[in-house]
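What the coordinates show
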Amino acid sequence: MDSKPGIVDQVLADLISGQIEKRQATELRAVLSTGNEITMHGKFTIGRDFIIYRTAKDDNGRWAMTPFSHIVQLIV
């Protein structure tokens, strides 16, 4: 059986997007594989294998990207 990791990533992206919309979330918290915790603010772009978000500490409107593979726990 041929595995399709791209499809799994897209399903995960769809689930996260659905939860953000359902809860009208403007903040996500994530624990990374490095042990660091990040807070993501504002409108999110959920790609096939990453999340693009505005950083909590940045007042200049800069955006950051975190791959799903670095996220151990995501709190929506």
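Everything discussed here concerns the structure shown above.
What comes next concerns the included structure. Source: prediction; values computed, not measured.

Of note, Ser17 is situated in helix 1 (residues 5–23). Ser17 sits in the partly exposed class, given a relative accessible area of 30%.

It is worth spelling out unusual backbone geometry at this point. Notably, Gln24 is not glycine yet its phi reads approximately 50°, a positive angle. Position of Gln24 among the secondary structure elements: in the loop between helix 1 and strand 1 (27–32). In this structure Gln24 comes out as exposed when scored by relative accessible area, which is 69%.

A word on the pattern of salt bridges. If charged atoms from side chains of opposite charge come close, those side chains can pair. According to the stated counting rule, one finds 1 salt bridge in the structure shown. Note that Glu37 and Arg29 form a salt bridge whose closest N and O atoms lie 3.5 Å from each other. The class of Glu37 is partly exposed, set by a relative accessible area of 48%. A residue is classified by how much of its surface remains accessible, and Arg29, at 33% relative accessible area, is partly exposed.

Conventions and cut-offs
- Residues numbered from 1 in each chain as written.
- Predicted model: local features only at pLDDT ≥ 70, side-chain atom pairs only at ≥ 80, totals over all residues.
- Heavy atoms only, no water.
- Helix = DSSP H or I, 4+ residues; strand = E, 2+ residues; numbered from the N terminus.
- Buried < 20%, exposed > 50% of the residue type's maximum accessible area, 1.4 Å probe, protein only.
- Salt bridge = Lys/Arg side-chain N within 4 Å of Asp/Glu carboxyl O.

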